[in-house]
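# Architecture at a glance
In case you want the letters, here they are:
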Amino acid sequence: MSAGRAGETALPIEVSRAPGPPAMASPAPLTADRVAELLTGSGLVLDLGLARVRVRSPLAWPAAAQIATAYRHFGADADAEPGNAAPPWADLHLDLRPGLGLRRWVRPQVRLLADGLTAFEPFPAAQVLPLLEWGANWLIGRRMNDVLLLHAGTLARDGRALLMPALPGSGKSTLTAALVTRGWRLLSDEFGACDPASGLMRPCVKPVALKNASIDVIRRFAPAAELGPSFEGTRKGTVAHLAPPAASVAARHQAAVPALLVIPRWQAGSATTLEPITPESAFTSLAFNAFNYTALGATGFRTVLGLVRRMALWRLVYSDLEDATQRLDALWSQLAADAPAPAPTPLAHDAAVAPHAG
Amino acid sequence: MPAEVRHPPGAQHGLGWLAALREPARCLTWDLSQWEHVIRLSRRLRLLGRLAHAVAQAGLLDAVPPPAARHLLAEQRYATWRCDTLLWALEDGARALAGAPYPVVLLKGSAYIVQGSAIGPGRLPSDVDLLVPRSSLDDAQARLSAAGWTEVALDAHDQRYYREWSHELPPLRHPHHGLELDLHHNILPVVARTRVDAARLIEHMRPVRGSPWHVLQPTDQVLHSAAHLFYDADHGDRVRDIVDIDGLVRQEAADPGFWPALAGRAQELGLQQPLALALHFCRQWLDTPLPPAGTVPLPRLRWHEQHLLVPLFGRVLTPSTLDDEPTLTERCSQQLLLARHHLWRMPPAMLVAHTWNKLRRPR
Amino acid sequence: MYAAASGVLIEPLADAWCAFSPLSGQTHLINDTSVAILEHLQAAGHATVADLCALLAEETGQPATEAVEMVAGALNTFVLAGLARCLPA
């Protein structure tokens, strides 16, 4: 397990599934062939940090290629101890299956099932990755009520987290992707997962979904970005996925102290404006824009209150991505200089997974 | 293949873990693989919240492996919220119906929760079910409507279907909490082959202390649950109803008059078949303690029920696998039971009209 | 006659307060006046509209009669939000 950078808040170290030398700092990338083998076999288990997702499919293609591209740095998850037949723990169990009846062949579809049930309309068979990503997000948002799930892009530097609530028109995913390409650690582009017991932000590392114009924006912003193929004609238009960087994947079990809240809003032609906001605005932007705030009742209330009291509270209006990221960097540096380094605080409970017996 | 918990009833149907709902200490023997299986299956069967409650109530959450414990905690929170939302919706309902000169009876999950029944905690109620005398239906709906409960949009045919043929009005919804409210005037469709006199149910209703509501008497709650299950259209994943019935009868176990009353009531209301089926599965899967054979005239399964209905229901009430599509046998079983339901529910002429209308409707 | 709903959480932010009702599951941002009313209900157990108007008159210096409509309206909102309860007469 690679050591976190100085100041990173470390959770109890994930127990390696295989006895022997610890995992390499940069595991071999996930290959499509390996994914295909696992999809059609015991399942590909992707450890996102917050949750472990098992994916299986009777048809390996095109799923294997799409998944391998988006999850290329999850190579360690595909390692299996030879002879160890017991499948590792998973929190979510997803099946990608061909369309029913004629729709297996005619204008073929792909379906997503969880525990044998489908809750989603089928997608065209070529859009496996969008269906998987969207379905997994939906299920995580519904099920993982042990943490408060805000709808926010969440990044980290030096053990501290930046939260960007995903209000409509925010350009949250574009900003998140941009910051990731500039070296910020990706916790999630969808979930601000806050552990109520500790108040810390937990990673849920998945590909960043970019839509329509944002795809080209990020290609220009960061030509070396690991962007997967574009899927046209999805429910949300054209979608492409930015693969989480290796360092973000390696740190998926390291929580971060929430430090800065920035409510972004993209507005064509606007100058970059970064200004403080009231705790009331911040509270509203978090509580009324979460997946499970209401379901968590008093726990949700107290957790959001804690976040609002703990973080610096700002809003950002921008049209130029480069300028916005630079201003955010500058704000961050200024706040970091003013604040002491966070003390490492382990979480009370982590999904540290022990290998199956037998 | 994860090892099943040995020897508890229902083990060969993959339901051995159900015993943990009543004896949570059994879960201490489960390894992580078993926990994973149980969490998945119980979630699908909508029993995870009840398992979580049982484990938490027994003070055993800390003994559960953390990867599993978080799911129990998460579902416990979710179920608590769903139940709290129901209670709040019932407050709204109570305000709307305050002063109504007729009885209003809570049915099913609403009743169990308000009563503080042992099968209340951990449920995932999605709607409120109320029973009123048929003559009071319009008044009840008017009161609810005045308080903001509005009808879900339906076409004219469906409206008439509900009002004339069914046992309930089209569902009502409230903008504040989105819960559906189903106003019933009977527990089974009025044109179905089995007719229950709702007045008899209301005649024996019981008040819930400290609340403005009434509930059915215990025998009627058992019979309603059984009838609602075995005369319904969709039986997939409905083993939770068997769990309910088991819980209800165990709750009444101390009352020596309960079993004879249940037998008599089933006869009186014409619900022998669903009761016989329910008790069969209760004993088979949950080891429900029944009175010794011959002591109480409980309805027995007739030949065709034992050899046709039991195997069909057995294949459908719980999924055989979570990792594959239903088998051909399962799908055929469900289709047969669906056909049985339709034949039971509507006279043939009405069934044709209803089906024709559904086919004609633009998609 | 009104009473506070049990379990209500009221916490200060900068210029407003946030209130949570475990009964309704709702969260609301409320102002100082609302907090004064709710805290009085919690402290006193129960109160009438008149009691609360008198209380506010003391605190704000405004005549009690002017506050009646506002207080009645606020209490109605609180009941719907699960922050207060209306006791039977």
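The structure presented is a predicted model; accordingly, all values stated were derived computationally and were not measured. (Residues numbered from 1 in each chain as written. Chains lettered and ligands numbered in written order. Predicted model: local features only at pLDDT ≥ 70, side-chain atom pairs only at ≥ 80, totals over all residues.)

## Details of the overall build of chain A
Under the convention used in this document: Numbering goes from the N terminus for both helices and strands, where a helix is a DSSP run of H or I of at least four residues and a strand is a run of E of at least two. Here contacts are defined at the residue level, using C-beta atoms placed from the backbone and a cut-off of 7 Å between them.
The helix and strand inventory of chain A stands at nine helices and 17 strands. Put simply, 73% of the contacts in chain A that link residues at least 6 apart link residues at least 24 apart.

## Examining the overall build of chain B
Cut-off, in case you're wondering: We take the radius of gyration over the C-alpha atoms and set the globule estimate at 2.2 Å times the residue count to the 0.38 power. Here a residue counts as buried when 20 or more other C-beta atoms sit within 10 Å of its C-beta, as exposed when there are 12 or fewer, and as partly exposed otherwise, the C-beta atoms being derived from the backbone.
Of the regular secondary structure elements, chain B holds 15 helices and seven strands. Scaling as 2.2 N^0.38, a compact globule of 363 residues should have a C-alpha radius of gyration of about 21 Å, and chain B matches this with 21 Å. When burial is assessed residue by residue, chain B has 42% of its 363 residues classed as buried. Contacts in chain B between residues at least 24 apart in sequence constitute 69% of all its contacts with a sequence separation of at least 6.

## Description of the confidence of the model for chain A
All names here are of chain A. To keep things clear, this is the line we draw: pLDDT is a per-residue confidence score from the predictor, ranging from 0 to 100.
Per-chain confidence: chain A averages 87 in pLDDT, with 85% of residues scoring 70 or above. Low pLDDT, under 50, characterises residues 1-24; the stretch is placed with 51 contacts to residues that sit more than four places away or in other chains. Every residue in residues 345-358 is under pLDDT 50, and counting partners more than four places away or in other chains gives 41 contacts.

## Points about the pairing of strand E8 (residues 160-165) of chain A
Residue and element names in this part refer to chain A. Where we set the bar: Think of it this way: DSSP has to see at least two bridges between two strands before they count as a pair.
Counting buried residues along E8, six of its six residues qualify, which places the element largely inside the surrounding structure. Residues Arg-160, Leu-162 and Met-164 of E8 are buried on one face, and the alternating residues Ala-161, Leu-163 and Pro-165, pointing to the opposite face, are buried as well. As paired elements, strand E7 (residues 148-157) and E8 share six bridges and run antiparallel to each other. The residue bridging Arg-157 from the neighbouring strand is Arg-160, located in E8. Pairing between E8 and strand E15 (residues 257-266): four bridges, direction parallel. Residue Leu-162 lies in a different strand from E15, and its bridge partner there is Leu-260.

## Quick notes on the nonpolar core
The condition that has to hold: Here a nonpolar core is just a set of buried residues of the types Ala, Val, Leu, Ile, Met, Phe, Trp, Tyr and Cys, joined wherever their C-beta atoms sit within 7 Å. For each domain, the first and last residues come from an automatic or database assignment.
Core analysis: the biggest nonpolar cluster contains 229 residues, and A:Leu132, A:Ala161, B:Leu130, B:Ala226, B:Ile242 and B:Ala278 have the highest contact counts within it. Shared between two domains, this core holds at least three residues of each, these being domain 1 (32-141) and domain 2 (147-338) of chain A. Ignoring anything within four residues of it in the chain, the contact list for B:Ile242 reads B:Ala278, B:Phe281, B:Cys282, B:Trp285, B:Leu286 and B:Leu317.

## Describing the environment of B:Ala233
All names here are of chain B. Secondary-structure assignment places Ala-233 in the loop between helix H9 (218-230) and helix H10 (239-251). Residue classification places Ala-233 among the exposed positions, given that 12 C-beta atoms sit within 10 Å. C-alpha of Ala-233 to C-alpha of Leu-337: the two residues are 104 residues apart in sequence and 7.4 Å apart in space.

## Observations regarding the pairing of strand E2 (residues 9-12) of chain C
Residue and element names in this part refer to chain C. For E2 and strand E3 (residues 17-20), the ladder comprises four bridges, and the chain directions are antiparallel. Across the sheet, Glu-11 pairs through a bridge with Cys-18, a residue of E3. In textbook terms, the turn of a hairpin is the stretch between consecutive antiparallel strands, and for E2 and E3 this stretch comprises four residues.

## A closer look at the domain arrangement of chain A
Residues and elements named next belong to chain A. In plain terms, the rule: Throughout, the ten residues Ala, Val, Leu, Ile, Met, Phe, Trp, Tyr, Cys and Pro are labelled nonpolar, Asp, Glu, Lys and Arg are labelled charged, and all others, Gly among them, are labelled polar.
With domains assigned, chain A is organised as domain 1 (32-141) and domain 2 (147-338). Using only C-alpha atoms to locate each centre, domain 1 and domain 2 end up separated by 26 Å. Each partner contributes to the interface: domain 1 provides 18 residues, whereas domain 2 provides 27 residues. Residue contributions to the side of domain 1 that touches domain 2 peak at six residues, all from helix H3 (residues 128-143). Class assignment of the residues belonging to the side of domain 1 that touches domain 2 gives a composition of nine nonpolar, six polar and three charged.

## Overview of unusual backbone geometry
With glycine set apart, most residues show a phi of negative sign, and most peptide bonds adopt trans. Residue and element names in this part refer to chain A. For the bond from Trp-61 to Pro-62, the omega torsion is 0°, close enough to zero to count as cis. Assignment of secondary structure puts Pro-62 in the loop between strand E2 (52-56) and helix H2 (63-70). With a phi angle near 40°, Arg-107 is a residue other than glycine that sits in the positive phi range. Backbone geometry places Asn-212, a non-glycine residue, at a positive phi of 50°.

## Looking at the interface of chain C and chain A
Taken together, the contact between chain C and chain A spans twelve residues of the former and twelve residues of the latter. Where the side of chain C that touches chain A is concerned, the elements lending two or more residues are E2, E3 and strand E4 (27-30) of chain C. Here the side of chain C that touches chain A is built from residues that sort into eight nonpolar, two polar and two charged.

## Thoughts on the packing of H10(B) against helix H12 (residues 272-286) of chain B
All names here are of chain B. To keep things clear, this is the line we draw: A fitted line through C-alpha atoms represents every axis, and for helices the fit uses only the stretch in contact; the resulting angles, taken between N-to-C directions, go from 0 to 180 degrees. Oblique is the label for every angle not falling under 35 degrees (roughly parallel), over 145 degrees (roughly antiparallel), or within 65 to 115 degrees (roughly perpendicular).
Interaxial distance between H10 and H12 falls to 9 Å at its minimum, and their mutual angle equals 90°. Judged by the inter-axis angle, H10 sits roughly perpendicular to H12. Contacts between H10 and H12 involve Ile-242, Val-243, Ile-245 and Asp-246 from the former and Ala-278, Phe-281, Cys-282, Trp-285 and Leu-286 from the latter.

## Some details on the sheet that holds strand E14 (residues 237-242) of chain A
All names here are of chain A. One open sheet accounts for three strands, arranged E12-E14-E13; its pairing is antiparallel. The outermost strands of the open sheet, each flanked by one partner alone, are strand E12 (208-211) and strand E13 (231-234). For this sheet, the mean angle separating the axes of adjacent strands, direction not counted, is 35°. Note: E12 against E14, four bridges, orientation antiparallel. In the strand pairing of E14, Ala-209 is matched with His-241. Where helix H5 (residues 213-221) meets the sheet, it contacts E12 and E14, and its direction lies at approximately 110° from that of E12.

## Observations regarding the interface of chain B and chain A
Taken together, the contact between chain B and chain A spans 20 residues of the former and 22 residues of the latter. Looking at the side of chain B that touches chain A residue by residue, the class counts come to nine nonpolar, two polar and nine charged.

## Quick word on the environment of C:Asp15
Position of C:Asp15 among the secondary structure elements: in the loop between E2 and E3. Since 11 C-beta atoms lie within 10 Å of it, C:Asp15 is described here as exposed. For the pair formed by C:Asp15 and C:Asp32, sequence separation is 17 residues and the distance between their alpha carbons is 8.6 Å. In this structure, C:Asp15 is in contact with A:Thr278 and A:Glu280, ignoring residues within four places of it in sequence.

## What about H2(A)?
Owing to its 3.6 residues per turn, the α-helix brings residues three or four apart onto one side. Burial runs high along H2(A): seven of the eight residues are buried. What H2(A) keeps buried is the set A:Ala63, A:Ala64, A:Gln66, A:Ile67, A:Ala68, A:Thr69 and A:Ala70.

## Thoughts on the environment of B:Gln115
Residue and element names in this part refer to chain B. For Gln-115, the location among the structural elements is in helix H5 (residues 108-115). Considering only alpha carbons, one finds Gln-115 and Pro-207, 92 residues apart in sequence, at a separation of 9.3 Å. Excluding its chain neighbours within four sequence positions, the residues that come into contact with Gln-115 are Gly-120, Val-208 and Val-215.

## Some details on the sheet that holds strand E1 (residues 105-106) of chain B
What the seven strands build is an open sheet, ordered E3-E4-E5-E2-E1-E7-E6 (chain B); its pairing is mixed. A single partner strand is all that each edge strand has here, and the edge strands are strand E3 (150-151) and strand E6 (206-207) of chain B.

## Observations concerning H5(B)
All names here are of chain B. Among the eight residues in H5, eight count as buried, and that is most of the element. Among the residues of H5, those classed as buried are Lys-108, Gly-109, Ser-110, Ala-111, Tyr-112, Ile-113, Val-114 and Gln-115. Considering only its buried residues, H5 is in contact with helix H4 (66-97), E1, strand E2 (127-131), strand E7 (214-215) and H9. Positive backbone phi, approximately 75°, marks Gly-116, located one or two places after H5.

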